[in-house]
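Survey of secondary and tertiary structure
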Amino acid sequence: MAERSAAFGFRVRDGLIGKDLTFFDYGCARGEDLDLLSREGFTRSGWDPAFQPDAAQQEADVVNLGYVINVIEKPEERAETL
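Note that this is a predicted model, so its numbers are computed, not measured. (Residues numbered from 1 in each chain as written. Predicted model: local features only at pLDDT ≥ 70, side-chain atom pairs only at ≥ 80, totals over all residues. Heavy atoms only, no water.)

Turning to helix α2 (residues 32–39), its buried residues are Asp 33, Leu 34, Leu 36 and Leu 37. Buried residues of α2, seen end-on, are gathered within an arc of 165° and therefore sit on one face of the element. Directly after α2, the chain includes Gly 41, whose backbone phi takes a positive value near 95°. (Buried < 20%, exposed > 50% of the residue type's maximum accessible area, 1.4 Å probe, protein only. Helix = DSSP H or I, 4+ residues; strand = E, 2+ residues; numbered from the N terminus. Arc of directions from axis to C-beta.)

The parallel open sheet is built from three strands, whose spatial order is β2-β1-β3. Looking at strand neighbours, the two that pair on one side only are β2 (43–47) and β3 (62–64), the edges of this open sheet. Taken pair by pair, the neighbouring strands of this sheet meet at an average axis angle of 20°, ignoring direction. Inspection of the sheet shows strand β1 (residues 22–26) paired to β2 by five bridges, in the parallel sense. (Pairing = 2+ DSSP bridges. Axes fitted to C-alpha atoms, helices over the stretch in contact; angles between N-to-C directions.)

Crossover connection from β1 via α2 to parallel β2: handedness right-handed. Direction of pairing for β1 relative to β3: parallel, over a ladder of three bridges. From the neighbouring strand, Phe 23 faces β3, where its bridge partner is Val 62. (Right-handed = clockwise from strand over helix to strand, strands pointing away.)

Put simply, the protein has an average pLDDT of 84, and 90% of its residues get 70 or more. Considering each helix and strand of the protein separately, the mean pLDDT is smallest for helix α1 (residues 6–13), with a value of 71, and largest for β2, with 93. (pLDDT = per-residue confidence, 0-100.)

Next up on the list: the nonpolar core. One finds Ile 17, Phe 23, Cys 28, Leu 34, Leu 37, Phe 42 and Val 62 forming the largest nonpolar core, which totals seven residues. With sequence-adjacent residues up to four places away left out, Leu 34 is seen in contact with Phe 23, Asp 25, Cys 28, Arg 44, Ser 45 and Gly 46. (Core = buried A, V, L, I, M, F, W, Y, C linked by side-chain atoms within 4.5 Å. Contact = heavy atoms within 4.5 Å.)

In this section: the side chain of Asp 48. Here Asp 48 shows up in the loop between β2 and β3. With no salt bridge to any partner, buried Asp 48 finds its closest opposite charge in Arg 30, at an N-O distance of 8.6 Å. Polar side-chain contacts of Asp 48 include one of 2.9 Å to the backbone nitrogen of Ala 50. Those residues in contact with Asp 48, other than ones at most four positions away along the chain, are Gly 27, Cys 28, Ala 29 and Pro 53. (Lys, Arg positive; Asp, Glu negative; His and termini not counted. Salt bridge = Lys/Arg side-chain N within 4 Å of Asp/Glu carboxyl O. Polar contact = N/O pair within 3.5 Å; in protein donor to acceptor, adjacent residues only side chain to side chain.)

Here you go:
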């Protein structure tokens, strides 16, 4: 079985994401982390402009922007995205 990405593993391990919270991954790529979280019983969804552009963008208790924010070089553009 595949492992979660390190970022998700740390969040789950540290109690930042619990099964009692909804989770949205903004920039989820092909959704591998989402599939793994689903198998572990998490309520999750995600959207990605390249791989899942038709997926609904929705509110959630926790929103992951980590794989989006870290590739934006200009601080002003990061702030606008947040």
